[in-house]
Amino acid sequence: MARLLGADGSETKVAANGKKFSLVELQAYVGGYIQVLDHWVSVLGKRQRVRMIINEEGKLRGLPYNKVATELIGEVLMPGDHIVGTALVLEKGEGI
(Lines give C-alpha, C1' and ligand atoms only; values in the text may rest on other atoms or scores of the structure.)
Protein backbone atom coordinates (compact mmCIF):
# COMPACT_ATOMS: atom_id res chain seq x y z
CA MET A 1 0.00 0.00 0.00
CA ALA A 2 1.06 3.54 -0.66
CA ARG A 3 1.71 6.00 2.16
CA LEU A 4 0.07 9.41 2.26
CA LEU A 5 2.33 11.83 4.15
CA GLY A 6 0.48 14.87 5.42
CA ALA A 7 2.20 18.19 6.04
CA ASP A 8 0.97 17.89 9.63
CA GLY A 9 3.13 14.78 10.14
CA SER A 10 0.27 12.32 9.68
CA GLU A 11 0.76 9.10 7.73
CA THR A 12 -2.07 7.05 6.20
CA LYS A 13 -1.90 3.90 4.10
CA VAL A 14 -3.94 4.10 0.91
CA ALA A 15 -4.59 1.79 -2.03
CA ALA A 16 -5.47 2.35 -5.67
CA ASN A 17 -9.04 1.69 -6.75
CA GLY A 18 -7.69 -0.56 -9.51
CA LYS A 19 -4.34 -2.17 -10.31
CA LYS A 20 -2.70 1.23 -10.60
CA PHE A 21 -3.47 4.71 -9.34
CA SER A 22 -5.38 6.78 -11.87
CA LEU A 23 -4.48 10.40 -12.57
CA VAL A 24 -7.75 11.48 -10.94
CA GLU A 25 -6.88 9.54 -7.76
CA LEU A 26 -3.37 11.02 -7.60
CA GLN A 27 -4.68 14.55 -8.12
CA ALA A 28 -7.24 14.04 -5.35
CA TYR A 29 -4.58 12.86 -2.90
CA VAL A 30 -2.24 15.83 -3.48
CA GLY A 31 -4.92 18.42 -4.17
CA GLY A 32 -4.07 19.45 -7.73
CA TYR A 33 -1.73 18.85 -10.64
CA ILE A 34 0.85 16.19 -9.89
CA GLN A 35 4.62 16.10 -10.08
CA VAL A 36 6.40 12.73 -9.88
CA LEU A 37 9.72 12.52 -8.03
CA ASP A 38 11.39 9.20 -8.82
CA HIS A 39 14.84 8.81 -7.26
CA TRP A 40 17.21 6.43 -5.54
CA VAL A 41 17.88 7.57 -1.97
CA SER A 42 19.54 6.17 1.15
CA VAL A 43 17.03 4.80 3.63
CA LEU A 44 18.47 3.32 6.82
CA GLY A 45 21.82 2.82 5.12
CA LYS A 46 20.43 1.09 2.02
CA ARG A 47 19.80 2.50 -1.45
CA GLN A 48 16.10 2.43 -2.17
CA ARG A 49 13.97 3.72 -5.02
CA VAL A 50 11.39 6.25 -3.87
CA ARG A 51 8.53 7.35 -6.12
CA MET A 52 6.78 10.31 -4.58
CA ILE A 53 3.79 12.21 -5.97
CA ILE A 54 3.44 15.84 -4.90
CA ASN A 55 1.38 18.88 -5.88
CA GLU A 56 3.17 20.53 -8.82
CA GLU A 57 1.94 23.98 -7.78
CA GLY A 58 2.30 23.46 -4.04
CA LYS A 59 4.84 26.21 -3.43
CA LEU A 60 2.96 28.67 -5.64
CA ARG A 61 -0.20 27.96 -3.65
CA GLY A 62 1.59 28.39 -0.33
CA LEU A 63 1.02 24.84 0.88
CA PRO A 64 2.64 24.04 4.25
CA TYR A 65 6.12 22.53 4.61
CA ASN A 66 6.16 18.73 4.75
CA LYS A 67 9.03 17.74 7.02
CA VAL A 68 8.65 13.95 6.67
CA ALA A 69 8.50 14.01 2.87
CA THR A 70 11.43 16.45 2.68
CA GLU A 71 13.56 14.24 4.93
CA LEU A 72 12.69 11.13 2.92
CA ILE A 73 13.81 12.53 -0.42
CA GLY A 74 15.90 15.49 0.71
CA GLU A 75 19.25 14.16 -0.49
CA VAL A 76 18.17 14.56 -4.14
CA LEU A 77 16.66 18.02 -3.73
CA MET A 78 18.57 21.18 -4.56
CA PRO A 79 20.11 22.89 -1.51
CA GLY A 80 17.41 24.85 0.32
CA ASP A 81 14.57 23.10 -1.54
CA HIS A 82 11.79 21.28 0.29
CA ILE A 83 8.50 19.43 -0.18
CA VAL A 84 5.18 21.12 0.62
CA GLY A 85 1.66 19.82 1.00
CA THR A 86 0.57 16.21 1.05
CA ALA A 87 2.90 13.68 -0.57
CA LEU A 88 2.01 10.19 -1.76
CA VAL A 89 4.82 7.63 -1.59
CA LEU A 90 4.26 4.58 -3.77
CA GLU A 91 5.53 1.20 -2.65
CA LYS A 92 7.66 -1.07 -4.83
CA GLY A 93 5.55 -2.50 -7.64
CA GLU A 94 2.82 0.14 -7.39
CA GLY A 95 2.51 2.00 -10.63
CA ILE A 96 0.81 4.99 -12.04
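Relevant structure appears above.
Residues numbered from 1 in each chain as written. Predicted model: local features only at pLDDT ≥ 70, side-chain atom pairs only at ≥ 80, totals over all residues. Heavy atoms only, no water.

Colleague: How would you summarise the overall build of the protein if you had to cite specific residues and measurements?
Modeller: Helix and strand content of the protein: 2 helices and 5 strands. For the protein, the succession of helices and strands along the chain, N to C, is β-β-α-β-β-α-β. Along the three orthogonal principal directions, the C-alpha set of the protein runs to about 35 × 35 × 20 Å. Put simply, the protein has 96 residues, and 34% of those count as buried. Within the protein, contacts between residues separated by at least 24 positions form 49% of all contacts whose residues are at least 6 apart in sequence. As displayed, the protein offers around 6,000 Å² of accessible surface, 54% of which is attributable to carbon and sulfur atoms. If you average the places of the 12 positive and of the 11 negative side-chain charges in the protein, the two averages end up 7 Å apart. (Helix = DSSP H or I, 4+ residues; strand = E, 2+ residues; numbered from the N terminus. Buried < 20%, exposed > 50% of the residue type's maximum accessible area, 1.4 Å probe, protein only. Contact = heavy atoms within 4.5 Å. Areas by Shrake-Rupley, 256 points an atom, 1.4 Å probe, with all protein chains shown as cover. Lys, Arg positive; Asp, Glu negative; His and termini not counted. Charge placed at Lys NZ, Arg CZ, Asp CG, Glu CD.)

Colleague: Talk me through the sheet that holds strand 3 (residues 34-43); I want residue IDs and the actual numbers.
Modeller: On the basis of which strands lie adjacent, the open sheet formed by 5 strands has the order 2-1-5-4-3 and antiparallel pairing. Edge strands, defined here as strands with exactly one partner in the open sheet, are strand 2 (11-14) and strand 3. If you compare each strand with its neighbour and ignore which way they point, the axes differ by 30° on average. Two elements, strand 4 (residues 46-55) and strand 5 (residues 87-90), share 3 bridges in a ladder whose sense is antiparallel. In the strand pairing of strand 5, Met52 is matched with Val89. (Pairing = 2+ DSSP bridges. Axes fitted to C-alpha atoms, helices over the stretch in contact; angles between N-to-C directions.)

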